[in-house]
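# Tertiary structure, described
Read off the chains here:
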Amino acid sequence: MIRKLFFRVLDIFPPAIGMLTGVVCALTANPFRVLQLFYGRPYTPKIEGPNSISELRDVMINGATHSTLIRGKDRHAPVILVLHGGPGATDIPFSSAYGKFLEQTFVLVHYDQRGACKSAATNFKQPNFQQTLTVEQHTNDAIKMSEWLIHDSGLQGAREGLYLIGGSWGSMLALFTLKRRPDLFKKCILRGLVTDTVLSEKQGMKFLIERMHHFNYNAKEIESVEAIGHSPYGTDIERLLCQREWLSSLGGMSFDSFDIPEPIPRWKLSHSFSMALFLAAEVSLYDILAMKPAMVATLRGMWPAVETTDMLSAVEGEVEVPVLVVRGKFSFAHLFLVCVCVCLLCV
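Before going into details, it helps to say that this report is about the structure given with it. (Residues numbered from 1 in each chain as written. Predicted model: local features only at pLDDT ≥ 70, side-chain atom pairs only at ≥ 80, totals over all residues. Heavy atoms only, no water.)

### Some details on the overall build of the protein chain
In plain terms, the rule: Strands are runs of DSSP state E lasting at least two residues, helices are runs of H or I lasting at least four, and both sets are numbered from the N terminus onward. Working definition: with a 1.4 Å probe on protein chains only, accessible area under 20% of the residue-type maximum means buried, over 50% means exposed, and in between means partly exposed. We call two residues contacting when some pair of their heavy atoms lies within 4.5 Å. Each accessible area value is a Shrake-Rupley result obtained with a 1.4 Å probe; residue values ignore everything except the protein chains displayed when judging cover.
On a plain count of helices and strands, the protein chain comes out with 15 helices and seven strands. Buried residues in the protein chain amount to 49% of all 347 residues. When contacts within the protein chain are restricted to residue pairs at least 6 apart in sequence, long-range pairs at least 24 apart make up 74% of them. For the protein chain, the exposed surface amounts to about 16700 Å²; the carbon and sulfur share of it is 60%.

The structure is reproduced here in C-alpha cells:
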C-alpha cells in the first residue's frame, strides 16, 4: 500500500522525476559517461571481427543532415535499412543493444530522419527548416538514402538492392518509398502497419479506458484521461503524447506488458528511457537536449497529414516488392519476431 502511494506521488510529475532518476542511475552506472557527454564525441561500440563495420556518420541528403548508424559483423553482408517511427522518434541510441541479433547476419543501417534527434540537432539551425517536414520530403529522403547506400556507401552487400524494415510511421514511409522505387529493394517487413490512423486512435482510447477500470482507477482519474480525447489530434501534440504515456503505463504498447499485475508507474517509463538514452554512446548531450523539442516540432508539422492519410487509397495497386506484415496483438510487434522473419525471408 505504501509502495503504491509512493509511486502515485512520483507520478504527479512523471517526465521530470523519471528523467532525473534515470540520469542519476545512468551516470552512477558509468561515471566516465559524464566526461564523454561534456568533452567526448559520440561513437558506436566496435564490433569484434576482421570484416566488421561499426560507423556513425552524417550523410547530406536533399540539403539536410541525416545522422546514420551502420553496424554489422561482416561488412560484405546484405544490408537492411530501418525506417524509424514517430515522425520525429529515433532508433540510433538503442539500436546497438537490440540490433545485436541482426548484426550477426546483416549490415544494419539506421538513420535519424531529418526532424529526429541527431539529425534535427543540426537541421533545425537552418532557416525555414520546419517547412521541409512533410511526408513527401521524407519519402524523397528515404529514396536518396537508399540510392546512397547502393551506389556510394561502399557497402558491397547493398549493390544488388536493400532489405527494408519500417515500423509505425516508418511503415507508411516504407510503403511510399517502395511504391515510388521498387527497383531499390529486395524485400520488406512492416510492423505496426498504419492503415486507418483515426480509427486506430479511437480503439486505443477505448482500450485505455477499459484498462483503467480494470486497474480500479477512480472516477476523477478516468475523467482526466477521457478529457484527452482521441484522434484527430491535429497540431495538439501534447494530447497525443499524453495518450501514449498512459497507453504505455497500462500495457497497451508492447505484448510483454499486457499481463502486468499493476500499472507501470509513468515516471518509471521516463526513467527507463532516460537511463538508456544517457548510457548510449551514440548521442551527445546536445543531441539529448535537442531531441524532445525537435520531436514535438516534427510531430506538429507532420501529424495532421499522417493521421488523416488513408493508406488503402494512398497506396493503390500492387507493391512490386515482397512484403511481410508483422502485426502484434497488443499493437507493438516484438523485435525478435521481426528478426526471425527477416532471416526466414532471406534464406
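### Details of the packing of aromatic side chains
Applied cut-off: Two rings from Phe, Tyr or Trp (for Trp, the six-membered ring) form a pair when their centres are within 6.5 Å of each other. A pair whose planes differ by under 30 degrees is stacked, one over 60 is edge-to-face, and the rest are tilted.
The final tally for this structure, using the stated rule, is four aromatic pairs. Ring centres 5.5 Å apart and planes at 50° place the aromatic pair F94 and F273 in the tilted group. Here F94, found in helix α4 (residues 92–98), pairs with F273, found in helix α12 (residues 266–279); they are 179 residues apart in sequence, far enough to count as distant. By relative accessible area, F273 is classed as partly exposed at 38%. For the pair F106 and Y163, a centre-to-centre distance of 6.2 Å together with 70° between the ring planes defines the contact as edge-to-face. Taken together, the positions of F106 in the loop between α5 (100–103) and β4 (107–111) and Y163 in strand β5 (residues 162–167) put the pair 57 residues apart, joining distant regions of the chain. The same class applies to F106 and to Y163, which are both buried.

### Concerning the sheet that holds strand β3 (residues 79–83)
Quick reminder of the rule: When DSSP locates at least two bridges between a pair of strands, those strands are taken to pair. Throughout, an axis means a line fitted to C-alpha atoms (over the contacting stretch in the case of helices), and angles, computed between N-to-C directions, take values from 0 to 180 degrees.
Strand order across the open sheet formed by seven strands is β1-β2-β4-β3-β5-β6-β7, with mixed pairing between neighbours. Every interior strand has two partners, whereas the edge strands, β1 (53–61) and β7 (323–326), have only one. This sheet shows a mean twist of 20° between the axes of neighbouring strands, independent of strand direction. Taken together, the four bridges between strand β6 (residues 185–191) and β7 define a ladder with parallel strand orientation. Following the sheet pairing, L190 is matched in β7 by V325. Against the sheet, helix α7 (residues 135–151) engages β1, β2 (64–72), β3, β4, β5 and β6, with an angle of about 130° to β1.

### Looking at the side chain of Q36
In this structure, Q36 sits in helix α3 (residues 32–39). Once you skip the residues sitting within four places of it in the chain, Q36 turns out to touch R41, P42, Y43 and A281.

### Concerning helix α13 (residues 285–307)
Using the following cut-off: Expected span, for any helix, means 1.5 Å times one less than how many residues it has. Consider a residue and the seven residues that end there alongside the seven that start there; fitting an axis to each set, the bend is the angle between those axes.
For α13, built from 23 residues, the straight-helix expectation of 33 Å at 1.5 Å per residue is met to within 8% by its first-to-last C-alpha distance of 32 Å. Where α13 bends most, the angle comes to about 40°, and this point is G301, followed within four residues by the proline P304.

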